[in-house]
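Descriptive structure summary
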Amino acid sequence: MEGMKLRVSPPEFRGRLHDPRTATLIGRWLGLAMLVCFGTGLVSHVMQHPPGWLANSLPSRPSWGYRFSQGLHVASGIAAIPLLLAKLWAVYPRLFVWPPLRSVRHGLERLSVAVLVAGAVFELATGLLNIVQWYPWPFSFVPVHFAVAWLVVGALVLHLAVKAPEIRAHWSRRSPGTLALPVEDGPDRRSLLAGVAAAVGAVTLTTIGQSVTPLKGLILFAPRDPDHGPQGLPVNRTAAAAGVGRVVDEAYRLVVAGPRPYALTLDELRALPQHEVELPIACVEGWSKSARWTGVRVRDLLERVGAPPDARVRVVSLQLRGGYRVSEMGHQHARDPLTLLALRLNGAELDPDHGYPARLIAPNRPGVLQTKWVGRLEVLS
Ligand SMILES: Nc1nc2c(c(=O)[nH]1)N[C@H]1C(S)=C(S)[C@@H](COP(=O)(O)O)O[C@H]1N2
Ligand SMILES: [Mo]
């Protein structure tokens, strides 16, 4: 037994594919995807929960704005998944560096990478599960996904700062000091990068059709088929799920509260000047689909109630419970001629699942705020 020593040695990695150059090449695409995802996520957050000083100045144009930015948010998040896996594969030998802690600086760097990796995995996993409407966690998705996004961006900025010398060496193609970056890429690295690019292309092409309608033929993995649903439009929450049931025409009233309040029957609403608009439903979950809506301009209803031109408006559903039964909009949306209390969809009366007898449809607005089964409009002072 004497002389026998237990020696734990870290594994050795010799493959060139685990070198800083691979990490940097993949990292810049991953970084780009993460920053696009963060920026579009911020846009979505502000559109849904505007801070007080912005609440009455969100723009209602371009009409496709939210469709574009949220489509990009979900697409960049999906594209980031193979990029993150490839990046982790390229750098995982660094988990085994020996000794594990060389200095305080090294310790802090490892800590920031741990936060970055854990946060990025968390964001991509929760985002992915959210777009398939599966919530296997006890917290509410939006505030936690939003908070962790800041953590990830903070850790990313720190990481980029720490890695600045390697990144600079990559871009200048010189090898300062000990960073021996090969200038030429061998066939192995080229194959790896081609494989990663193919994976990104594949997940993007097989999902993007849920928001880019011309590509809908390719949706193999998209959670939503943009054609699947009553009147050719997907439904997130049906009338039954919302507990709305079938609305009795004779009992229905649209109540408009403001300086000169009034109520309209369904026939009176149908007798008002009708307008037709082409606008998308753009769900936060990434699917979007354009449709032809016909109904009364919210602007006309507001003028009749004597609302001030810059008034904000609250839209209240007949739905009694649930997070999306009430929405609010600033004057730019309320006064936009494209903003309708829609009674018809693609030439026919609204399906109950699309909000019969009346639903809000406004340009450049998240789907969650396109309130269905509207029973009341309130002018806010
Ligand atoms: N009252 C009410 N309106 C609602 C919802 C809801 O749950 N309740 N869901 C919203 C969501 S998340 C979306 S994406 C759109 C979907 O509209 P559609 O079912 O007509 O396609 O309706 C919105 N309007
Ligand atoms: Mo939605």
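A quick note: this is a predicted structure, and the numbers were derived from the prediction, not measured.

Calculation rules
- Residues numbered from 1 in each chain as written.
- Chains lettered and ligands numbered in written order.
- Predicted model: local features only at pLDDT ≥ 70, side-chain atom pairs only at ≥ 80, totals over all residues.
- Heavy atoms only, no water.
- 1 Å grid on protein atoms, 1.4 Å probe; cavity = no way out; pocket = protein on both sides within 12 Å on 5 of 7 lines; lining within 4 Å.
- Points joined across faces, edges and corners; volume = space filled by probe spheres on them.
- Helix = DSSP H or I, 4+ residues; strand = E, 2+ residues; numbered from the N terminus.
- Nonpolar A, V, L, I, M, F, W, Y, C, P; charged D, E, K, R; others polar.
- Phe/Tyr/Trp six-rings, centres within 6.5 Å; stacked < 30°, edge-to-face > 60°.
- Buried < 20%, exposed > 50% of the residue type's maximum accessible area, 1.4 Å probe, protein only.
- Lys NZ or Arg CZ within 6 Å of the ring centre and 35° of its normal.
- Near = heavy atom within 4 Å.
- Polar contact = N/O pair within 3.5 Å; in protein donor to acceptor, adjacent residues only side chain to side chain.
- Areas by Shrake-Rupley, 256 points an atom, 1.4 Å probe, with all protein chains shown as cover.
- Axes fitted to C-alpha atoms, helices over the stretch in contact; angles between N-to-C directions.
- Contact = heavy atoms within 4.5 Å.
- Domains from an automatic or database assignment.
- Buried area = accessible area lost by both parts, 1.4 Å probe.
- Salt bridge = Lys/Arg side-chain N within 4 Å of Asp/Glu carboxyl O.

1. Topic: the layout of surface pockets
When its volume is computed, the second largest pocket comes out at roughly 1400 Å³. Along the wall of the second largest pocket there are 50 residues; nearest its centre are Val91, Arg94, Glu109, His159 and Lys163. Where the lining of the second largest pocket is concerned, the elements lending two or more residues are α1 (20–48), α2 (65–91), α3 (104–131), α4 (141–162) and α5 (164–172). Sorting elements by how many residues they give to the lining of the second largest pocket places α1 first, with ten residues. Of the residues assigned to the lining of the second largest pocket, the class counts are 31 nonpolar, eight polar and eleven charged.

2. Description of the packing of aromatic side chains
The description of an aromatic ring pair uses the distance of the two centres, along with the angle that the planes make with each other. All chains considered together, the criterion is met by eight aromatic pairs. An angle of 90° between the planes, with centres 6.2 Å apart, marks the rings of phenylalanine 146 and tryptophan 150 as edge-to-face. On the criterion of helical spacing, the pair formed by phenylalanine 146 and tryptophan 150 is a turn pair, its members being four residues apart in helix α4. Residue class for tryptophan 150 comes out partly exposed when judged on its relative accessible area of 44%. Following the ring pairs from residue to residue traces out a cluster consisting of Phe122, Tyr135, Trp137, Phe139 and Phe141. The ring of tyrosine 356 carries the charged tip of arginine 246 above its face, separated from the ring centre by 4.7 Å. A cation over an aromatic ring shows up here: arginine 304 above the ring of tyrosine 262, its NZ or CZ 4.6 Å from the ring centre.

3. Focus: the site of ligand 1
As a structural note, the neighbourhood of ligand 1 is formed by 20 residues, with Pro234, Gln319, His354, Arg359 and Lys372 the closest of them. The side chain of glutamine 319 places a nitrogen or oxygen atom 2.7 Å from a nitrogen atom of ligand 1. At a separation of 3.0 Å, a nitrogen atom of ligand 1 approaches a polar backbone atom of glutamine 370. Considered on its own, ligand 1 offers 540 Å² of accessible surface; in the complex 99% of this is hidden by protein. When the residues that make up the shell around ligand 1 are grouped by side-chain class, the tally is nine nonpolar, seven polar and four charged.

4. What to know about the packing of α4 against α5
Contact geometry of α4 with α5 gives a least axis separation of 4 Å together with a crossing angle of 65°. Residues Leu160, Ala161 and Val162 of α4 pack against Ala164, Pro165 and Ile167 of α5. Looking at the contact of α4 with α5 residue by residue, the class counts come to six nonpolar, no polar and no charged.

5. Things to note about the domain arrangement of the protein
As assigned here, the protein comprises domain 1 (20–175 + 182–218) and domain 2 (231–380). Between the C-alpha centres of domain 1 and domain 2 there is a distance of 36 Å. The partner domain 2 presents 28 residues to the 25 residues of domain 1 that form the contact. On the domain 1 side of the contact with domain 2, Asn56, Ser60 and Arg67 bury the most area, a combined 27% of that side's loss. Taken together, the connections running from domain 1 to domain 2 amount to one salt bridge. Taking the shortest distance from any N to any O, the salt bridge between aspartate 336 and arginine 61 comes out at 2.8 Å.

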